[in-house]
Amino acid sequence: MTTTRQSAPAWTTQDLDDLFQRFFGPGNDAWPGMDPDPRKGKRARPFVDLLRRSTDIPLVLPRYQQAQDRFAIYVTARDEAHAALMAQIITAFAGPTYLIDAGVRPCTLDVNDPIESALLDLAGEATTFRLETHPNRRYRQKLTDVALLMQRTLASRPPRLWRVTKPTGRLLAEFDAALAAGGEAASQATLEQLAAQGGINAVNLAYLRIKRLSRLGLDQELLDYPDLGDIVRQNPPIPVKEAVLNAVYACDLHEPLTCGDLPGAQQALRDRGFLALAPFEDAQASYSTEALTVLLLAAVSREDLASTKTVLTTLQKNAPLESLPLALRSAITALHNVQPDGIPTHQTSKSTETPEVPAPASPTHHADAPPTPATPTSWPELMSAVADGHAHLTSILDQEAWTDWPSPAQDDRHIATVLEDLLDDSQAKIWRYVGAFIDSVGYGQPAPLSARALITCALAYDWLGPGDLLAVQALTEIVLRSSPSAATYKQLLEELADTCERWVAPERAAIALDFADRLVMEASPEPNARETFALALLLPLSVHQGRLDPGDLSMARRLSTELGIELDWQSQPSEGEAQDAEAELKAATGCQLLLYSLDERVLDRVSETLQQLVPGLKVTASHDSVGSSQLRQKARQADVIVLATRCAKHAATGFITQHAKSAVTEYADGSGSASLLRAAIHGLLRAGKV
């Protein structure tokens, strides 16, 4: 832990006075010119008074633009490290109850806006949050009240340490776990914490960002990533190469190849600067069909017969040749006919495009040096290597070597035995691999014994951060899907129930409700244990039900009924904001919403709940693993698209985002019914259809 009171930038009284003059100048009608008339600026004055008394607290200031009827609260942290902490504080005070955006993160300030330019000059980039709420007057008043309460709380806090520094390895583990469990917001929050805290260089940070964009299917955003060309030239890890190739296929090649326009596809590849792809061909065995198609088209366009044959051989192991676009197949045939001897005619002329691959260095061994342990090639070998304390295993994660291994389900008992016998220091290391484990198990055959052992590791170390909780929820789902014995079921639920008082709260309602939802969907060999766990999840939410958003409240009521938990849920929301939101949602008649998840039962439950909550809403669902004409049609027609990305394939998520026209796209921060429902309601509100 390090204190930031000493290290944070110091804002002098003069700094703040200068800012106030600009902030309440033209462009802000909240307190024009800071008029000394006590009747003016009644809502803004308390914020300024607090800042003048406590100059070490974050800036919190309101802005109102009368002409556009726009309102926002600006929160500015002292540096990027404080910004990561402020995101958590804002969520705790305002959270989804009052904010229209579920993800709380620093905004991009507009240098041409006089108000935002003033903040930028004072604090720089990536430090300011723009908090916006629904246009209803009561929402604005409530957001102002909670912002002032937050500011007063920070001003009156006792002197103490502000920043809790997690080790970089723990943050990386939480990032991978959140991403694998479908945690969009949780993975973004962890990424921002990694960036703010340091301990990871800019290139590796870029790899993580690209990996996340690919998982979310944000292909165009990935291709627009700053300095992508430099990143690609630095021979990035295999997953990054594949992510880039997948994005190129989705954004540049899919449409022309589908239409038979080979010259158009080749020109698109040329414009992108991706004709010379030799550095990408070294790991093609693990690529997707889409990525291999890009390599194949590049080789054909270069008239490089050797590369064409190599890529074609690899591709045929994944898919039949007939699955390739007809125009591309014809070009391959023509290339063979032109070069019957198999010698690439352009090899000499193209040699400048293909960087020389340095010969591998000959390994040198000292007679007394210990033998280098073999690189693991399966999950049991990896777990044993961790148990034996072997170092240099991170390349398995960096290169995603585990994607070529058999599923952990095939060696479940063996893996679980190794995990249960781990010493303390090895248990702390094993969580680094939980994201890969969840991805590897997928929605197919479960590996319940291994998953159960990993849950024990997490609970033993009290790893209950947002990303960790999503991983524990995904592992619990794996165990429950396997129809465990009554004893295993009872023990697991009791252990989970014991942790609830440390994390169940309105700001984590979606995670708690996802746990409860899984209790409904799976068999219950021990009803008493189920009831105890369900009560531990739902009781804290019922106590604070006024802070739940309409989706969480609706799902909580439904789960209480289905689980037989009698709690004092009010039939209607008790607070005006929730009443307004429910009333507005019922007006969404005719809006078209597309839900995407690989879990069909979750899709069914969310569709049913939405149609009860929003009469007349047209809901379509998809669990396709690849793009199809039906999925394209659904994406094009949708006004709102909601994606759950746990175990989702890029071929589907990228396809949906590629064909969505002006639809509002939301990502569930989890894979259960509650997180998907919450994202759907946010999407409807954001789309302005209600």
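Above: the structure in question.
Below or above, wherever it landed, is the structure these notes cover. (Residues numbered from 1 in each chain as written. Predicted model: local features only at pLDDT ≥ 70, side-chain atom pairs only at ≥ 80, totals over all residues. Heavy atoms only, no water.)

For the rest of this paragraph, the subject is the pairing of strand β2 (residues 70–76). For a regular strand, the rule is simple: side chains alternate between the two faces of the sheet. Burial within β2 is extensive, with six of its seven residues counted as buried. Direction of pairing for strand β1 (residues 59–65) relative to β2: antiparallel, over a ladder of seven bridges. Considered in β2, the bridge of Q65 is made with R70. A loop of four residues connects β1 with β2, the two strands running antiparallel in sequence, and D69 in this loop sits at a positive phi of about 50°. As judged from the four bridges shared by β2 and strand β3 (residues 128–131), these two strands associate in the antiparallel manner. If you follow V75 over to β3, its bridge partner there is F129. (Buried < 20%, exposed > 50% of the residue type's maximum accessible area, 1.4 Å probe, protein only. Helix = DSSP H or I, 4+ residues; strand = E, 2+ residues; numbered from the N terminus. Pairing = 2+ DSSP bridges.)

Summed over all chains, the structure comprises nine aromatic pairs. Seen in terms of ring centroids, F23 and Y74 are 5.9 Å apart; in terms of plane orientation they differ by 85°. Their pairing is edge-to-face. With F23 in helix α1 (residues 13–23) and Y74 in strand β2, this residue pair connects regions lying 51 residues apart in the sequence. Look at F23 and you get buried, because its relative accessible area is 0%. With a centroid separation of 5.9 Å and an interplanar angle of 75°, the aromatic rings of F515 and F533 are classed as edge-to-face. Here F515 is found in helix α25 (residues 509–521), whereas its partner F533 is found in helix α26 (residues 527–543), with 18 residues between them in sequence. (Phe/Tyr/Trp six-rings, centres within 6.5 Å; stacked < 30°, edge-to-face > 60°.)

Another aspect to go through is the packing of helix α27 (residues 550–563) against helix α29 (residues 600–613). The geometry of a pair of packed helices is captured by two quantities: the angle between their axes and the separation between those axes. Following both chains from N to C, one finds α27 and α29 inclined at 115°, their axes separated by 11 Å at the closest point. As α27 packs across α29, the resulting crossing turns out to be right-handed. Of α29, the residues touching α27 (which contributes S554, M555, R558, L559 and E562) are R605, E608, T609 and L613. Here the residues of the contact of α27 with α29 are counted per class, giving three nonpolar, two polar and four charged. (Axes fitted to C-alpha atoms, helices over the stretch in contact; angles between N-to-C directions. Left-handed = near helix turned anticlockwise from the far one by under 90°. Contact = heavy atoms within 4.5 Å. Nonpolar A, V, L, I, M, F, W, Y, C, P; charged D, E, K, R; others polar.)

Counting 101 residues, the largest nonpolar core has W379, W431, L475, W503, L537, L595 and L610 as the members making the most contacts within it. Looking at this core, the element that brings in the most residues is helix α23 (residues 466–481), giving nine residues. L595 has contacts with L603, V606, S607, L610, V619, T620, A621, S622, V642, L676 and A680, leaving out every residue within four places of it along the chain. Core analysis: the second largest hydrophobic core is formed by 47 residues, V48, A118, A123 and L154 among them. (Core = buried A, V, L, I, M, F, W, Y, C linked by side-chain atoms within 4.5 Å.)

With that settled, the discussion passes to the environment of S440. If you trace the backbone, S440 turns up in helix α21 (residues 434–441). Exposure remark for S440: the relative accessible area of 16% places this residue in the buried category. Along the primary structure S440 and W405 are separated by 35 residues, whereas in three dimensions their C-alpha atoms are 8.5 Å apart. If we ignore the near neighbours within four places in the chain, the residues touching S440 are W379, W402, S407 and P408.

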